[in-house]
Amino acid sequence: MKYDFSQIEKKWQGIWDEKNTFAATNDYSKPKYYALVEFPYPSGQGLHVGHPRSYTALDIVARKRRLQGYNVLYPMGWDAFGLPTENFAIKNHIHPAIVTEQNVARFKQQLKSLGLSFDWNREINTTSPEYYKWSQWIFLQMFKHGLAYKKEMAVNWCTSCKVVLANEEVVNGCCERCGGEVVRKVKSQWMLKITEYAQRLLDDLDEVDYIERVKTSQANWIGRSTGAEVKFGTTAGEELLIYTTRPDTIFGATYMVISPEHPYLKLWADKISNMDEVAAYQEEAAKKSDFDRTEMAKDKTGVKLVGVEGINPATGKNIPIFVSDYVLMTYGTGAIMAVPGHDTRDWEFAKKFGLPIIEVVKGGNVEEEAFTDCATGIMVNSGMLDGLSVEDAKVKIIDWLKEQGKGEAKVNFKLRDWVFSRQRYWGEPIPMVYCEKCGWVPIDESELPLRLPDCESFEQTDDGQSPLSKMTDWVNTTCPHCGGPAQRETDTMPQWAGSSWYFLRYMDPHNENELASKEAMEYWGQVDWYNGGMEHTTLHLLYSRFWHKFLYDLGLVSNKEPYAKRTSHGMILGENGEKMSKSRGNVVNPDDIIKEYGADTMRLYEMFIGDFEKSAPWSTSSIKGCKRFLDRLWALNDMVVEGSEYSKELETPFHKTIKKVSEDIESMKFNTAIATLMSLLNEIYDHKSINKAELKTLLSLTQPFAPHIAEEMWELNQLGGMANETKWPEYDEAKCIDSTVEIVVQLNGRIKSRIVVPTAASKDELLAAAKADAVVKAEMEGKNIVKEIVVPGKLVNIVVK
RNA sequence: GCCGCUGUGGUGGAAUCGGCAGACACACCGGACUUAAAAUCCGUUGAGGGCAACUUCGUACGAGUUCAAGUCUCGUCAGCGGCACCA
């Protein structure tokens, strides 16, 4: 009988659907396992071959866990708010909700055709009011706890489209759509105080099992640094607060720099005699887009303040103050002490402006370049610090500054607060109202969800307001506080909002009264295993950890961290080794692959393609090897004999395979797990028959990877029940060991012979057997043994002279 | 510039603790079956030398540690991804 994959796959997908085979139960007495993949953005292009890599991987884990007796939650949903849909809607004059609906339908059909064991009863969609009600609710709690606030922020503004752009839409300083110039424009925006959680977000990385590179990039993104805040006196009177990570080098501070946005410039305006020049520089800096500022990074610019000088608290000397855009207002205090001898940027600036460079840490040549090494240097030219190491000097100077009331130790983070407003239509409305009398007032929780009003046009206004601002009926409302006239917030939430808590909703997706019941959240607890792309490690992953910690503080969830384990898959590249994209013309459509080879082959190939964590190029010819494997598996149907125990010849191979496949799935080495199954199949072919006990194990191991063919063969051979209901096969460590093993015999590290010995042979027996070998014996003739190395199970190496 | 990842046959990739480099596949070549092709099955395949047994070289490059290095240490180069003056 032919392996008719399309008929088989359709059949089993129908049966699983009908029987609700993969539904997570509400039987809270069973041990639970929560496997999660990032829910997709349902784009108009349909599923990409990259999606199934992650989905199949955790599908394998989920299917294995079910056989291991767990109540498994493996859900799927749609992260459906976002720009491409909105842009498509604008262009084609279709409501984004309709576009979303169509895209979701397509994605769902495609995912189903892959035989993924998602629990479709728990499907969620971030754009449905039942869902975003709770995104809005969480926002309100944040506002009430002082974590949401309004702030004037620079946004990207396309001068030709007259539209506010997201950072993703700005390519090389130009508008992604029209190529027009993008500048910064200041707008009042909602912000979320993620910085308040910076330390906890960093510390709790120790508690979770994330792959190392995810942890390091999160830690780098948070960017904690320790140093000191020091007050420098000025001739203007006011003290200027600076931040430094190298307080030890204070004696080498020969000038100061403040950012062009620093408020003291306004304060000192009439004391600065060259204020015209300074103001011109400020204006120049303000005009620069982020891109320009980056471009200028190489060349330092600045203006010296005439009329105001700083006073170094350590030396008591007057030093000049400069304004320069290499100092950012958004980090530290917006002002620095410049130590050109020991900071590369300060060194460059000092060279350009002819400022004195003083060596205060010995070890380099400060005339040639800044000496920044903290580990080896010794303090010089630093008064009381002379002779100390950098580390000791830091401690001593901070103590001294503290005594003088001039400074203290201070920790800073690179992490910035989260800009939470978007001037867009297709997002969750922010449930806030502005009242002239009461300021920003949250709407009453009973009014949630605040529905996105229907709209004809989804374009921003000419001055960059959200499309919602045109809906005056909706905008004009009454103040929930005083009852007077008021206006709704017309900005919407960013796409990251819905994905910051979605894993909780899966636990209890139809709950109308809470985001999820306490009971469900207690039971499902943390996500046990979360897999997703590296591109989400710093934004989505950090944002959702932040929201979760906030919910933890409210007492809603019982874990500090949402995800116990996080892994990441590599990208699937085009056949030419480049990133797949429409413009490169190297996109592979999963539908075509499924049609030609079947879902099982597709799944198998995506797992066999290479190291799961690394990117791998697609290969249309390699996929045939996986199809061939399934054809050969199917052909076993004609080789099945009765038998309730493993046959003698295949016993060890089977135990070994169970062990290897079991372990490889846990460590995401799907490619070698499949290679092992292929080897086993080759051995079965050598053996010329397979009995039912063996077939049962083989199909149980294959089922997570290629579920349709496994179910069909299971049924055909009447193995009882369904393949997805059986128990995960067990292995006996003792039966994984072959009775004999081949040992390599080396002389001076070169292989001379191979001997077959009992696996249990002792070191002495191995050595004796090696020496007894004819070739070895002849080569050793007349030579002295210097050293003998015996590694049981591997080799014997004899060093002779 | 900084951070992270990677570098192994013609190709994708294997190789727990330092212990037989190239598992498992793809492709190629040869053979069987066939009128023929496809499919399938069997076999060869890192490079060089030798009739052969065998032997030399070989994991980006250069050093080092070791009986033994793809694996560890130091340095260099190349590619990919991220960040962008964070004091």
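For the structure itself, consult the block above.
Because the structure is a prediction, the values reported are computed rather than measured. (Residues numbered from 1 in each chain as written. Chains lettered and ligands numbered in written order. Predicted model: local features only at pLDDT ≥ 70, side-chain atom pairs only at ≥ 80, totals over all residues. Heavy atoms only, no water.)

Draft legend 1. Here's a closer look at the overall build of chain A. Broken down by element type, chain A carries 26 helices and 34 strands. Each of the three principal axes of chain A carries a C-alpha extent, and together these read 100 × 85 × 50 Å. Taken over 801 residues, chain A has a buried fraction of 55%. Put simply, 72% of the contacts in chain A that link residues at least 6 apart link residues at least 24 apart. As displayed, chain A has an accessible area near 35,400 Å², and 50% of this comes from carbon and sulfur atoms. Averaging the positions of the 95 positive and the 114 negative side-chain charges in chain A gives two centres separated by 3 Å. (Helix = DSSP H or I, 4+ residues; strand = E, 2+ residues; numbered from the N terminus. Buried < 20%, exposed > 50% of the residue type's maximum accessible area, 1.4 Å probe, protein only. Contact = heavy atoms within 4.5 Å. Areas by Shrake-Rupley, 256 points an atom, 1.4 Å probe, with all protein chains shown as cover. Lys, Arg positive; Asp, Glu negative; His and termini not counted. Charge placed at Lys NZ, Arg CZ, Asp CG, Glu CD.)

Draft legend 2. Geometry of the sheet that holds strand β9 (residues 182-192). Spatially, the four strands line up as an open sheet ordered β6-β5-β9-β20, and their pairing is antiparallel. The two strands at the open ends of the sheet, each matched to only one other strand, are β6 (163-165) and β20 (418-419). Where strand β5 (residues 148-158) lies against β9, 11 bridges are found, and the strand directions are antiparallel. Counterpart to Val155 in the pairing with β9 is Lys185. On the sheet, helix α5 (residues 129-144) packs against β5 and β9 and is oriented at approximately 85 degrees with respect to β9. (Pairing = 2+ DSSP bridges. Axes fitted to C-alpha atoms, helices over the stretch in contact; angles between N-to-C directions.)

Draft legend 3. Representation of the environment of Lys300. Relative to the assigned elements, Lys300 resides in the loop between α10 (290-295) and β14 (303-311). When residues no more than four places from it in sequence are discounted, the contact partners of Lys300 are Tyr326, Arg345, Glu348, Phe349, Lys352 and Phe353. Looking at Lys300, its side chain comes within polar contact range of the side chain of Glu348, at 3.1 Å. (Polar contact = N/O pair within 3.5 Å; in protein donor to acceptor, adjacent residues only side chain to side chain.)

Draft legend 4. Inspection of the protein's contact with RNA strand B at higher detail. If you check the shell around RNA strand B, you find 52 residues, and the closest are Thr245, Arg345, Lys414, Arg754 and Asn797. Among the atoms of RNA strand B close to the protein, meaning within 4 Å, 64% are from sugar or phosphate groups. For RNA strand B, a sugar or linking oxygen lies 2.3 Å from a polar atom in the backbone of Thr245. Contact distances for RNA strand B include 3.0 Å between a phosphate oxygen and a side-chain N or O atom of Asn671. Contributions of two or more residues to the surface near RNA strand B are made by α7 (212-222), β12 (240-244), α20 (623-634), α22 (670-687), β31 (740-747), β32 (750-758), β33 (785-791) and β34 (795-800). Ranked by residue count, the leading element in the surface near RNA strand B is α22, at six residues. Classifying every residue of the surface near RNA strand B gives 20 nonpolar, 15 polar and 17 charged. (Near = heavy atom within 4 Å. Nonpolar A, V, L, I, M, F, W, Y, C, P; charged D, E, K, R; others polar.)

Draft legend 5. Inspection of the sheet that holds β34 at higher detail. In space, the four strands of this open sheet follow the order β32-β31-β34-β33, with mixed pairing throughout. The sheet terminates laterally at β32 and β33, the two strands that pair on one side only. Averaged over neighbouring strand pairs, the angle between their axes works out to 15 degrees when direction is ignored. Sheet analysis places β31 next to β34, joined by four bridges and oriented parallel. Across the sheet, residue Val745 finds its bridge partner in β34, namely Val796. Helix α25 (residues 763-772) contacts β31, β32, β33 and β34 of the sheet and is inclined by roughly 120 degrees relative to β33.

Draft legend 6. How the structure looks around the pattern of salt bridges. Tallied over the entire structure, the rule returns 38 salt bridges. Where Lys735 meets Glu651, a salt bridge forms, and the shortest distance between an N and an O atom there is 3.6 Å. On the criterion of sequence distance, the pair formed by Lys735 in the loop between α24 (707-716) and β31 and Glu651 in helix α21 (residues 648-666) is long-range, its members being 84 residues apart. Overall, the relative accessible area of 25% leaves Glu651 in the partly exposed class. Here the salt bridges share partners, and the residues they tie into one network are Asp204, Arg545, Lys549 and Glu561. (Salt bridge = Lys/Arg side-chain N within 4 Å of Asp/Glu carboxyl O.)

Draft legend 7. Region of the structure containing the packing of aromatic side chains. Enumeration over the complete set of coordinates arrives at 46 aromatic pairs. Ring centres of Phe118 and Trp120 lie 5.7 Å apart, and the angle between their planes is 80 degrees; on these two criteria the pair is classed as edge-to-face. For the pair Phe143 and Trp190, a centre-to-centre distance of 5.9 Å together with 80 degrees between the ring planes defines the contact as edge-to-face. With Phe143 in helix α5 and Trp190 in strand β9, the pair connects residues that are 47 residues apart, well separated along the chain. Ring pairs connect the aromatic residues Phe139, Phe143, Trp190, Tyr197, Trp418, Phe420, Tyr434, Trp440, Trp496, Tyr543, Phe546 and Trp547, which therefore count as one cluster. The side chain of Arg63 reaches across the aromatic face of Trp16, ending 5.1 Å from its centre. Lying across the ring of Tyr149, Lys193 places its NZ or CZ 5.8 Å from the centre. (Phe/Tyr/Trp six-rings, centres within 6.5 Å; stacked < 30°, edge-to-face > 60°. Lys NZ or Arg CZ within 6 Å of the ring centre and 35° of its normal.)

Draft legend 8. Up close: the environment of Thr330. Along the chain, the position of Thr330 falls in the loop between β15 (318-323) and β16 (335-338). Spatially, the C-alpha atom of Thr330 lies 10.0 Å from that of His262, the residues being 68 residues apart in sequence.

Draft legend 9. Focus on the side chain of Lys64. Within the fold, Lys64 resides in helix α2 (residues 51-67). Residue Lys64 is classed as buried on the basis of its relative accessible area, which comes to 2%. Here the side chain of Lys64 touches Ser662 through a polar contact of 3.2 Å, landing on its backbone oxygen. Looking at Lys64, its side chain comes within polar contact range of the side chain of Glu666, at 2.5 Å. Ignoring any residue separated from it by four or fewer positions in sequence, one finds Lys64 in contact with Ser662, Ile665, Glu666 and Trp728.

Draft legend 10. View of the state of the cysteines. This model, assessed by the stated rule, comprises zero disulfides. In this structure Cys479 is not part of a disulfide, and its nearest cysteine sulfur, from Cys435, lies 3.7 Å away. Given the relative accessible area of 3%, Cys479 is considered buried. (Disulfide = S-S within 2.5 Å.)

Draft legend 11. View of unusual backbone geometry. In the segment running from Leu448 into Pro449, the intervening peptide bond is cis, with an omega of 0 degrees. Secondary-structure assignment places Pro449 in the loop between β22 (439-442) and α13 (472-475). We note that Asn20 has phi near 55 degrees; this positive angle belongs to a residue other than glycine. With respect to the secondary-structure elements, Asn20 resides in the loop between α1 (5-19) and β1 (32-37).

Draft legend 12. Expanded view of the environment of Pro31. Tracing the sequence through the fold places Pro31 in the loop between α1 and β1. Using a relative accessible area of 47% as the deciding quantity, one classes Pro31 as partly exposed. Along the chain, Pro31 and Gly69 lie 38 residues apart, while their C-alpha atoms are 7.7 Å from each other. Ignoring anything within four residues of it in the chain, the contact list for Pro31 reads Gly69, Tyr70, Asn71 and Tyr523.

Draft legend 13. Broad picture of the nonpolar core. Counting residues in hydrophobic clusters, the biggest one holds 162 residues, and the most contacted among them are Trp547, Trp618, Leu636 and Phe705. Once you skip the residues sitting within four places of it in the chain, Trp547 turns out to touch Ser135, Ile138, Met142, Leu192, Trp418, Phe420, Ala497, Ser500 and Trp501. Counting 51 residues, the second-largest nonpolar core is a separate cluster that includes Met256, Ile272, Val308 and Phe349. (Core = buried A, V, L, I, M, F, W, Y, C linked by side-chain atoms within 4.5 Å.)

Treat this as a map of the structure, not an account of what it does.
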